[in-house]
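Notes for the structure review
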Amino acid sequence: TGPIFVSRLVRLPLLDADGHPIGRVEDVVTVPSGSDPARVLGLVVGVDRRRIFVNEARLGSIVPTGVRLRSTAIDVLPFRQRP
């Protein structure tokens, strides 16, 4: 697969494993990888007026209609940016 641009992900719905919307992608958390493309750690998702972090390991697929989770379980602790 080719590269996926952050601008294409932001505002997409986050879907549970059954395809039901949970929230919306607000940002993508990356870590620099030197001369390689940045590595994605996860997504910041708006859910019920809260921002949560969804680890990349929980993501199943990215399609034009949204980002689908591998399972229905997510951690709803608020997102906090780290240094």
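Preceding this paragraph is the structure being described.
None of these values were measured; they are calculated from a predicted model. (Residues numbered from 1 in each chain as written. Predicted model: local features only at pLDDT ≥ 70, side-chain atom pairs only at ≥ 80, totals over all residues. Heavy atoms only, no water.)

Next up on the list: the pattern of salt bridges. Applying the stated rule across the entire model yields 1 salt bridge. A salt bridge links glutamate 26 to arginine 51; its shortest N-O distance comes to 2.8 Å. Of this pair, glutamate 26 sits in strand β2 (residues 21–33) while arginine 51 sits in strand β4 (residues 50–55), and the two are 25 residues apart along the sequence. (Salt bridge = Lys/Arg side-chain N within 4 Å of Asp/Glu carboxyl O. Helix = DSSP H or I, 4+ residues; strand = E, 2+ residues; numbered from the N terminus.)

Attention now moves to the side chain of aspartate 16. Structurally, aspartate 16 can be placed in the loop between β1 (13–15) and β2. With no salt bridge to any partner, buried aspartate 16 finds its closest opposite charge in arginine 68, at an N-O distance of 6.6 Å. When near neighbours in sequence (up to four residues on either side) are disregarded, aspartate 16 contacts Ile22, Arg68, Leu69 and Thr72. (Buried < 20%, exposed > 50% of the residue type's maximum accessible area, 1.4 Å probe, protein only. Lys, Arg positive; Asp, Glu negative; His and termini not counted. Contact = heavy atoms within 4.5 Å.)

Formed by 13 residues in total, the largest nonpolar core has its most connected members in Leu9, Leu14, Leu43, Val45, Val54, Leu59 and Val67. Of all the secondary-structure elements, those providing two or more residues to this core are β2, β3 (36–47), β4 and β6 (66–69). Of all the elements, β3 adds the most residues to this core, at 3 residues. With residues near it in sequence (within four places) discarded, leucine 59 still touches Leu14, Leu43, Val54, Val67, Arg68, Leu69 and Arg70. (Core = buried A, V, L, I, M, F, W, Y, C linked by side-chain atoms within 4.5 Å.)

What follows covers the pairing of β3. Moving residue by residue along a regular strand, the side chains alternate between the two faces of the sheet. The pairing of β2 with β3 spans 8 bridges and is antiparallel. Bridging across to β3, valine 29 finds its partner in glycine 42. Turn length for the β2-β3 hairpin, with the two strands adjacent in sequence and antiparallel, is 2 residues, and the turn residue glycine 34 shows positive phi of about 65 degrees. Of the pairings in the sheet, the one linking β3 to β4 comprises 6 bridges and is antiparallel in character. (Pairing = 2+ DSSP bridges.)

Attention now moves to the environment of valine 29. Note on placement: valine 29 falls in strand β2. Taking C-alpha positions, valine 29 is 6.0 Å from valine 40, a pair spaced 11 residues apart along the chain. Other than its neighbours up to four places away in sequence, valine 29 contacts Arg39, Val40, Leu41, Gly42, Val44, Phe53 and Phe79.

Next up on the list: the environment of alanine 57. Within the secondary structure, alanine 57 sits in the loop between β4 and β5 (59–63). Overall, alanine 57 belongs to the partly exposed group, its relative accessible area being 47%. On a C-alpha basis, the gap between alanine 57 and glycine 42 in space is 7.9 Å, while along the polypeptide they are 15 residues apart.

Keep in mind these numbers describe shape, not what the thing actually does.
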